[in-house]
Amino acid sequence: MISDIELSHVEDAMLEFDSTGRIEVLKKYKFKPATGYLARHKGKFYDPKAIVGIGHLHATGEPLNSQQFVTDVARRRLKALDVQVLEFNGLWWVNQGETFAQQSTGGYLWASKVAGNGRTPRHWSDVSRMQPGQTIIHYARGAIVAIGTVAGKPGVAPNPGHSDSEPGYVCPVDYRVLDDPIPRSQIPSELDSANPFDINGKVKQAYLIRIDDNDVPPFLEFLDKCIPTLFNSRPTHPSRYSVPTISGPDTLSDPILETLLTFKNVILEGVPGTGKTYALNKIAQNWLDRTGRELQQFNGQDFATIVMHPSSSYEDFVEGLRPSRGGRSPDFFDEESGQTSGFAISDGFFVDVCKKAVASPNKDVLVLVDELNRCNIPSVFGDLMLTIEASKRATYIGDSSSRAVRASMWDASTTAQLPYSGRTFFVPDNVYVVATTNTTDRSVAPLDAALRRRFAFLRLEPQMTELLVPESTSSEIRDVFQRGTAAISRVNDLALRTLLGPDAILGHSYFHAISAELGSDSLADPLAMIVRHWRFAILPQLIDSVRAFNAEEILDPRTRRVWFAHHPELAGPEQTSAIEALQQFDLHLEEDLQMKIAVEGTGLARGARVIDA
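Residues numbered from 1 in each chain as written. Predicted model: local features only at pLDDT ≥ 70, side-chain atom pairs only at ≥ 80, totals over all residues. Heavy atoms only, no water.

Caption draft 1: View of the overall build of the protein chain. Assigned secondary structure in the protein chain consists of 19 helices and 23 strands. The dimensions of the protein chain, computed from C-alpha atoms along their principal axes, are 90 × 65 × 60 Å. Counting only residues that meet the buried cut, the protein chain has 49% of its 613 residues in that class. Pairs at least 24 apart in sequence give 72% of the contacts found in the protein chain among residues at least 6 apart. (Helix = DSSP H or I, 4+ residues; strand = E, 2+ residues; numbered from the N terminus. Buried < 20%, exposed > 50% of the residue type's maximum accessible area, 1.4 Å probe, protein only. Contact = heavy atoms within 4.5 Å.)

Caption draft 2: View of the nonpolar core. With 45 residues, the main nonpolar core has W534 and F585 as its most contacted residues. Where this core is concerned, the elements lending two or more residues are α15 (475–499), α16 (509–518), α17 (526–547), α18 (557–565), α19 (573–593), β22 (595–600) and β23 (607–612). In terms of residues, this core owes the most to one element, α15, which gives nine residues. Leaving out residues up to four positions away in the same chain, W534 has contacts with G484, I488, F511, I514, L539, P540, F585, H588, L589, L593 and M595. Of all hydrophobic cores here, the second largest spans 33 residues; its members include A304, C354, F381 and F455. (Core = buried A, V, L, I, M, F, W, Y, C linked by side-chain atoms within 4.5 Å.)

Caption draft 3: Structural context of helix α9 (residues 276–291). In this model α9 runs 21 Å from its N-terminal to its C-terminal C-alpha over 16 residues, within 8% of the 22 Å that 1.5 Å per residue would give. Its maximal kink placed at Q285, α9 deviates by approximately 40 degrees. Within α9 the residues assigned to the buried category are K276, A279, L280, I283, A284, N286, W287, D289, R290 and T291. (Expected span 1.5 Å × (residues − 1). Bend = angle between axes of the 7 residues up to and from the residue.)

Caption draft 4: Geometry of the packing of aromatic side chains. Following the criterion strictly, the structure yields 18 aromatic pairs and no others. Where W534 meets F585, the ring centres are 6.1 Å apart and the plane angle is 45 degrees; that geometry is what we call tilted. Taken together, the residues span a long stretch of sequence, with W534 in helix α17 and F585 in helix α19 at a distance of 51 residues. As far as the burial class goes, W534 and F585 line up, both buried. Considering the side-chain rings of W563 and F564, the 5.2 Å spacing of their centres and the 85 degrees angle between planes classify their relative orientation as edge-to-face. Cluster of aromatic residues (ring-pair linked, three or more members): W93, Y139, F197 and F219. Between the NZ or CZ atom of R184 and the centre of the ring of F197, over which it lies, the distance is 4.1 Å. Its guanidinium or amino end placed over the ring of W92, R210 lies 5.1 Å from that ring's centre, counting from NZ or CZ. (Phe/Tyr/Trp six-rings, centres within 6.5 Å; stacked < 30°, edge-to-face > 60°. Lys NZ or Arg CZ within 6 Å of the ring centre and 35° of its normal.)

Caption draft 5: Spatial organisation of the sheet that holds strand β2 (residues 44–46). Across the sheet, three strands lie side by side as β2-β1-β3; this open sheet has antiparallel pairing. At either end of the open sheet lies a strand with only one pairing partner, and these are β2 and β3 (84–87). Within the sheet, the average angular offset between the axes of one strand and its neighbour, ignoring direction, is 35 degrees. Sheet topology places strand β1 (residues 37–41) next to β2; three bridges connect them, and they run antiparallel. Paired with A39 across the strands is Y46, a residue of β2. Seen against the sheet, helix α1 (residues 7–20) touches β1 and β2 and runs at an angle of roughly 95 degrees to β2. (Pairing = 2+ DSSP bridges. Axes fitted to C-alpha atoms, helices over the stretch in contact; angles between N-to-C directions.)

Caption draft 6: Quick look at the sheet that holds strand β20 (residues 431–438). The strand order across the open sheet built from five strands is β12-β15-β20-β11-β21, with neighbouring strands paired in parallel fashion. The open sheet has two edge strands, β12 (304–307) and β21 (456–459), and neither has a second partner. Strand-to-strand twist across the sheet, computed as the mean angle between neighbouring axes with direction ignored, equals 20 degrees. Sheet analysis places strand β15 (residues 365–370) next to β20, joined by five bridges and oriented parallel. Following the sheet pairing, V367 is matched in β20 by V433. With respect to the sheet, α9 is in contact with β11 (265–270), β15 and β20, its orientation differing from that of β15 by roughly 180 degrees.

Caption draft 7: Highlighting the pattern of salt bridges. Taken as a whole, this structure holds 29 salt bridges when the rule is applied. In this structure, D192 engages R184 in a salt bridge whose closest nitrogen and oxygen atoms are separated by 2.8 Å. Of the charged contacts in the structure, one is a salt bridge between R423 and D347, with a shortest N-O distance of 2.6 Å. Note that R423 is positioned in the loop between β18 (416–417) and β19 (424–425) and D347 in strand β14 (residues 340–347), a separation of 76 residues in sequence. You can call R423 partly exposed: its relative accessible area is 32%. Overlapping salt bridges, with partners in common, bring together R459, E461, D493, R497 and D503 in one network. (Salt bridge = Lys/Arg side-chain N within 4 Å of Asp/Glu carboxyl O.)

Caption draft 8: Local environment of helix α7 (residues 216–226). Of all eleven residues in α7, eight are buried, a share of seventy percent or more. For α7, every residue scored as buried is listed here: V216, P217, F219, L220, E221, F222, L223 and D224.

Caption draft 9: Broad picture of the confidence of the model for the protein chain. Looking at the protein chain, the pLDDT average stands at 86 and 92% of residues meet or exceed 70. Strand β6 (residues 135–140) holds the highest mean pLDDT among the elements of the protein chain, 96, whereas helix α14 (residues 449–454) holds the lowest, 74. Low confidence marks residues 245–252, where pLDDT is under 50. Its contacts with residues over four positions away, or in another chain, come to 17 contacts. (pLDDT = per-residue confidence, 0-100.)

Caption draft 10: Region of the structure containing the environment of F455. Counting through the fold element by element, F455 comes out in the loop between α14 and β21. Distance in space between the C-alpha atoms of F455 and N265 is 4.9 Å, their sequence separation being 190 residues. Residues within four places of F455 in sequence aside, it is in contact with N265, V266, I267, I388, V433 and A435.

Caption draft 11: Molecular detail of the side chain of Q541. By the secondary structure assignment, Q541 is in helix α17. Not counting residues within four places of it along the chain, the set of residues in contact with Q541 comprises P272, L506 and Y510.

Caption draft 12: Quick look at unusual backbone geometry. Positioned with a positive phi, K264 is a non-glycine residue whose angle comes to about 70 degrees. Secondary-structure assignment places K264 in the loop between α8 (255–263) and β11.

Caption draft 13: Summary view of a nonpolar patch on the surface. Side chains of L321, F343, I345 and Y420 sit close together on the surface and give an oily, nonpolar patch of about 410 Å² of accessible area. By the secondary structure assignment, I345 is in strand β14. Here I345 falls in the partly exposed class, since its relative accessible area comes to 42%. (Patch = residues over 30% accessible without salt bridge, like charges linked within 9 Å, V, L, I, M, F, W, Y side chains within 5 Å. Areas by Shrake-Rupley, 256 points an atom, 1.4 Å probe, with all protein chains shown as cover.)

Structure, rendered in structure tokens:
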């Protein structure tokens, strides 16, 4: 039990840290570097959860791993043992030089987005990765001149000191300017190997540098000796800077992107035509601006894609036995498939993706799993269901300059053994998964609870008000297009949503297709094109959507009132609004498009179809 741990047991764990090294001890006992707190004892700093887990070994003979207790339990035990636990969330070094005076007065850090060669240096884009509460060592004019604390989320904005500049990465910072700066000569030689310094012990020519987890304790021990009030003093220059919201490609307000960065696994759900795949393209376009990290390429695309279906299997997604082909593989499907020579273990889609992520720790990997709910999810995902969880991801602990990165250079607290090959598998933390589900499809099973616990869910709704037509479109055609989108909006909101539920409505992407064709120079008859889209795409989808709820009668004026008579629970203002919206819809179909919907037939053959008005 945790209560069995005494101060002597914790101190024995601390001795192991001192003699072996932080990262080696954490890896041995399956702990990750602390991200919210550090323990301070006799002038040294330790990971609180790890020293309690290892202290349990000295108290009972059995260590505790990170899955067996939570950080709050460790903090309470250390507090009871008079071991101080301090809030701490990471350490940065920033070289400011002549910009220190202006940036400290303004309470921010700022770096340009693009260098002269058109690329974004990592030490600039790192500003976008700073997190509130993290500690900053400010170096200027040959000395440590201030200790800062990240005061808010970073963003993209012009240089606050030069408002006419191009947008760059900006982060609010509380500055504590030191009365007695610490010159470089006073920094002990034991820290010369830390990443703010080059092989000659000189400060690197870079703007912002993240101090490696292994170097954090000795850096803090040095600062703690030089600045006795390091952790309990107020800033001399509190930040009053707030990152503005910028419209356009530099915006940071995309809720899907922000949710994905937080949870790593996101499911976009909604009816057909709400732009779920389009949303992923938008995420990819804004990724570098928001995160400062490039995306791994897959055949020229910014993300890897797989489309699920009822025959999708674990062997397709993770690994399995497949026929192995001898000789040259054919290029196209019209060539002979080639000879097979038995079976071999082959990697599936997601293992391939994770191998690329492992080999490129400085890039992010974006994955689209389309039509997720059409496959047998427990069967396809298997043990991946555990390793894909955000809190179970592996982190890179190797040298950032290494050219040949292997899986052994990643620290994984949770792994799975692949059943065919016996290999150890984990999901790297630079993998981001976006899945889409069609909520209208009633032929597939609902998502199980295990998956729901590991994904964040966002529902995409139709956005008819954002539809635009090219300026060259005539006013007559523009009016027809806009009357159509208005009619569908009213039917969606006042009839389908209220009468049948949110999964009966129609998406907006069908109208994007019309808008795109209206911009074509070769379009001879715009009205005929609009009529074709309505007759062969929009109305069939509407009929199919309503058919799933056995409510086709509401689409035909001749059968509508009979349907309402059989549903007295819908009487009232909602019914009146629904009938009015449907009548306006009928009017648009007949007057603008010369067509209507008729419900005909009996029994199982009864159904709706589009006919001429």
